[in-house]
Amino acid sequence: MDTEPQHSERDPSSPPATGQEEGSRSVRTPGLPEFLRALSWRRTAVLGLLGTASLLLFSAFVVQPFLIPSGSMEPGLQVGDRVLVNKLAYRFGTEPQRGDVVVFDGTGSFVQEPAGESPLIGLVHGAAAALGLAEPAETDFVKRVVGVGGDRVVCCDEGGKVEVNGRAIDERYVYFGDAPSSAPFDIVVPSGTLWVMGDHRSNSRDSRDHLGEPGGGTVPVDKVIGRVDWIGWPLGRWTSLEPTDAFGDVRDPDGAHG
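Residues numbered from 1 in each chain as written. Predicted model: local features only at pLDDT ≥ 70, side-chain atom pairs only at ≥ 80, totals over all residues. Heavy atoms only, no water.

Enquirer: Please clarify how the nonpolar core should be interpreted in this entry.
Expert: Among soluble globular proteins, nonpolar side chains are generally buried collectively. In this structure, Val-146, Val-153, Val-164, Ile-169, Phe-185, Trp-195 and Phe-247 are the most contacted members of the largest nonpolar core, which totals 16 residues. Looking at this core, the elements with two or more residues in it are strand 5 (152-155), strand 8 (185-188) and strand 9 (193-197). Excluding anything up to four places from it in sequence, Val-164 contacts Arg-98, Val-146, Asp-151, Arg-152, Val-153, Ile-169, Phe-247 and Val-250. (Core = buried A, V, L, I, M, F, W, Y, C linked by side-chain atoms within 4.5 Å. Buried < 20%, exposed > 50% of the residue type's maximum accessible area, 1.4 Å probe, protein only. Helix = DSSP H or I, 4+ residues; strand = E, 2+ residues; numbered from the N terminus. Contact = heavy atoms within 4.5 Å.)

Enquirer: Teacher, can you tell me more about the confidence of the model for the protein here?
Expert: Mean pLDDT over the protein stands at 79; residues scoring 70 or higher make up 64%. Confidence, expressed as mean pLDDT per element, reaches its minimum in the protein at helix 2 (residues 119-130) with 51 and its maximum at strand 9 with 98. This model gives residues 1-15 a pLDDT under 50, and the stretch forms 3 contacts once residues within four places in sequence are excluded. (pLDDT = per-residue confidence, 0-100.)

Enquirer: Help me understand the sheet that holds strand 8 in this model?
Expert: In any sheet, the strands associate via hydrogen bonds between backbone groups, in a parallel or an antiparallel arrangement. Spatially, 7-6-5-8 is the arrangement adopted by the 4 strands of the open sheet, whose pairing is antiparallel. Strand pairing shows two members of the sheet lacking a second neighbour, strand 7 (167-168) and strand 8, which therefore form its edges. Judged from the 2 bridges that link them, strand 5 and strand 6 (residues 163-164) form a sheet pairing that is antiparallel. Of the residues in strand 6, the one forming a bridge with Val-153 is Val-164. (Pairing = 2+ DSSP bridges.)

Enquirer: What's the story with the pattern of salt bridges in this structure? I'm lost.
Expert: Two side chains with opposite charge may pair up if their charged atoms get near one another. This model, assessed by the stated rule, comprises 11 salt bridges. We note a salt bridge from Arg-172 to Asp-170, for which the minimum N-O separation is 3.0 Å. Judged by relative accessible area, Asp-170 falls into the partly exposed class, the value being 38%. A salt bridge links Arg-208 to Asp-206; the shortest N-O distance between them is 2.8 Å. According to the relative accessible area criterion, Arg-208 is buried, its value standing at 13%. (Salt bridge = Lys/Arg side-chain N within 4 Å of Asp/Glu carboxyl O.)

Enquirer: In this structure, what is going on with the environment of Ala-183? I would like to understand it.
Expert: Locating Ala-183 in the fold gives a position in the loop between strand 7 and strand 8. Owing to a relative accessible area of 36%, Ala-183 belongs among the partly exposed residues under this scheme. Along the primary structure Ala-183 and Asp-209 are separated by 26 residues, whereas in three dimensions their C-alpha atoms are 9.3 Å apart.

Enquirer: When you look at unusual backbone geometry in this model, what are you seeing that I'm missing?
Expert: Keep in mind that most residues, glycine aside, have a negative phi and that most peptide bonds are trans. Cis peptide bonds are those with omega within 30 degrees of zero, and the linkage from Glu-74 to Pro-75 qualifies with 5 degrees. Within the secondary structure, Pro-75 sits in the loop between strand 1 (63-67) and strand 2 (82-86). Looking along the chain, the bond that leaves Cys-155 and enters Cys-156 is cis, with omega of 0 degrees. As for its placement among the helices and strands, Cys-156 is situated in the loop between strand 5 and strand 6. Phi at Asn-165 takes a positive value of approximately 55 degrees, unusual for a residue other than glycine. Along the chain, Asn-165 turns up in the loop between strand 6 and strand 7. By relative accessible area, which is 23% here, Asn-165 ends up partly exposed.

Shown next as structure tokens:
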């Protein structure tokens, strides 16, 4: 039986069976068209701006990160800590209480009006500070409330402790080895203001240092930005600030419990 040789010749019009048979020819995947690339970048930029704006609004009205710039509140708050300031703490009729750690604007009480600066620089720095990325304004301070309006705050009693309305305060939060105060004072806190002190008493410029200035060292309640409720950074120090019971026995001047 005669047989004819079988030819495997491929029809030139048919596609190759595999990509290997094209020799050195490579198959390229076309990139995104230029207008799609531009659209992608624009979308990313818009999303970034919206995210930043949302964070700034949240920081302005709810919780603001605050970078601790000095050791005046050691050992509880250390240099470089990012704390979270609760701006709703005093928004609904509640006022700062003895023992609260607060952030406040010291303009007019602790410092005079700040020197003028470029509006653009001020805006950029303010935004960075509001996100906890830069040191706060030089007019912002963090201290502990020791006396509220009407309180008589005295230092020191026979035992070397601060007294509030005749009650000695066991200030366990004060930096180890520090005296409650190296300078004596005796003040009745005006209504609507606060007497504030740093926990690291030997390393804190606070109400004691401004007794002879306008305001007598006290801070208006309406200058309080918020209450420090949490340490948010570094992660190893993430914790909430537990309220102190040091003022539990202090009574208001009228005899009601403070």
